[in-house]
Amino acid sequence: MTFYAETFINRWDRYPKQQPDGSYVAVQRTPLSYWLIAQHLLGRVTLGAYALDTQSRAKWICLDADTPNDWSGLLRVAQNLLRSRDQIPCYLEPSRRGGHLWLFTNPIPGSVARRFAKHLLTTHDLPQVEVYPKQAELRTGPGSLVRLPLGVHLLDHKRHHFVTLEGTPLAPTIREQIRILANPLRVPAGYIEQQVAAIPEPQQVSPTRRFQAREIIGDTPSERIKNSISVLEFVSQYVDLDRNGRGYCPFHDDSHMSFGVNTEGNFWHCFAGCGGGSVIDFWMRWQQVEFTQAIKELAAQLLPPIR
Ligand SMILES: [Zn+2]
């Protein structure tokens with residue numbers, strides 16, 4: 001059990017606990033313990049595991065498929081890894097509609113883990129599959145988390161276990177599965193480094209400069225700025241958002257994913273009281289500048305130069 005914990009747990013100073021509605025709260029008053037992890041495995045509490053340690057290192061990568069289609073894509077990834085010349089080990093954990101593909105390694109920088117995982121997904125044409133860790137480096141809060149395997153999911157009250165490529169249980173009992181995951185086969189760090197080194201550098205383009213032929217309408221500079229880019233698109237460059245547009249608020253020490261972008265209303269909002277609004281409001285807070293200065297900076301980023 002202690003080795004099972006060591007496989008997945010990246011930090012002990014705090015832990016995420018699943019709520020009956022499927023969301024997580026961060027517990028910071030009491031540290032994580034082996035006793036709590038035993039309770040998780042007994043199905044008495046459901047815990048999450050943070051994807052990065054306090055030094056922004058990862059010892060696992062979790063690829064998260066949300067649909068049956070993406071799940072079959074992950075099966076393809078697993079097949080190619082396991083049956084490749086290097087026989088790269090990975091573990092399949094199906095869930096309600098999709099599932100997780102886990103790769104274990106000795107601790108590597110979160111940035112390396114993400115580049116490796118992203119490359120794997122690109123080469124398998126799986127743009128919708130999410131990569132955990134979601135952050136290359138921690139800035140605010142503890143970052144992303146994944147449900148700790150072999151517990152009970154509080155949304156469907158099921159215990160999801162690991163399977164083989166053929167879909168049969170990895171081991172007949174949960175106890176035996178725990179034993180396997182306590183000492184998983186790990187991807188050699190050298191292999192990951194070699195793969196990452198071979199990825200061509202992405203072309204450096206400024207993500208915000210996009211004033212090609214498109215005309216940006218509006219009577220005032222602030223109106224034109226707001227019309228030049230959606231709040232979601234703009235904010236995503238600075239905050240890691242999940243598929244529901246939620247993330248850790250960059251404006252306070254957030255462990256509850258209080259920050260969100262409402263795509264219909266085209267505004268951002270922090271439920272913990274940091275305010276919300278347009279891209280201009282975001283930039284004023286982000287840069288800690290006054291309105292006029294924010295307009296000046298955003299116009300330079302987002303609007304075509306005045307002729
Ligand atoms: Zn906030």
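Treat the numbers as computed from the prediction; the structure is a model and nothing was measured.

### Details of the side chain of Q39
- With respect to the helices, strands and loops of the structure, Q39 is situated in helix α2 (residues 34–41).
- Leave out the neighbours within four places in its chain, and Q39 touches R44 and V45.

### Considerations on the side chain of S258
- Take S258: it is sitting in the loop between β11 (246–247) and β12 (259–262).
- Once residues lying within four places of it in the same chain are set aside, the contact partners of S258 are R246, G247, H252, H269, C270, F271 and A272.

### Describing the domain arrangement of the chain
- What the domain assignment lists for the chain is domain 1 (2–197) and domain 2 (221–302).
- Computed from C-alpha coordinates alone, the two centres of domain 1 and domain 2 are separated by 30 Å.
- Listed as interface residues are 18 residues of domain 1 and, on the opposing side, 13 residues of domain 2.
- Taken together, the links from domain 1 to domain 2 amount to three salt bridges.
- Close ionic contact of D66 with R243 constitutes a salt bridge, the shortest N to O distance being 3.3 Å.
- Taken together, the connections running from domain 1 to domain 2 amount to three residue pairs in polar contact (both at pLDDT 80 or more).
- Its residues placed into classes, the side of domain 1 that touches domain 2 shows five nonpolar, seven polar and six charged.

### Section: the coordination of the zinc ion
- In the first shell of the zinc ion, the protein supplies C249 (SG), H252 (ND1), C270 (SG) and C274 (SG), at 2.0 to 2.3 Å from the metal.
- Around the zinc ion, the four donor atoms sit at angles spanning 101 to 120 degrees, and that spread fits a shape best called tetrahedral.
- Going along the chain, you hit the donors of the zinc ion in the pattern C-x2-H-x17-C-x3-C.

Criteria and cut-off values
- Residues numbered from 1 in each chain as written.
- Predicted model: local features only at pLDDT ≥ 70, side-chain atom pairs only at ≥ 80, totals over all residues.
- Heavy atoms only, no water.
- Helix = DSSP H or I, 4+ residues; strand = E, 2+ residues; numbered from the N terminus.
- Contact = heavy atoms within 4.5 Å.
- Domains from an automatic or database assignment.
- Salt bridge = Lys/Arg side-chain N within 4 Å of Asp/Glu carboxyl O.
- Polar contact = N/O pair within 3.5 Å; in protein donor to acceptor, adjacent residues only side chain to side chain.
- Nonpolar A, V, L, I, M, F, W, Y, C, P; charged D, E, K, R; others polar.
- Donors = N, O, S within 2.8 Å, 3.2 Å for Na, K, Ca; no water.
- Tetrahedral: all angles 85-135°; square planar, octahedral: opposite > 155°, others 65-115°.

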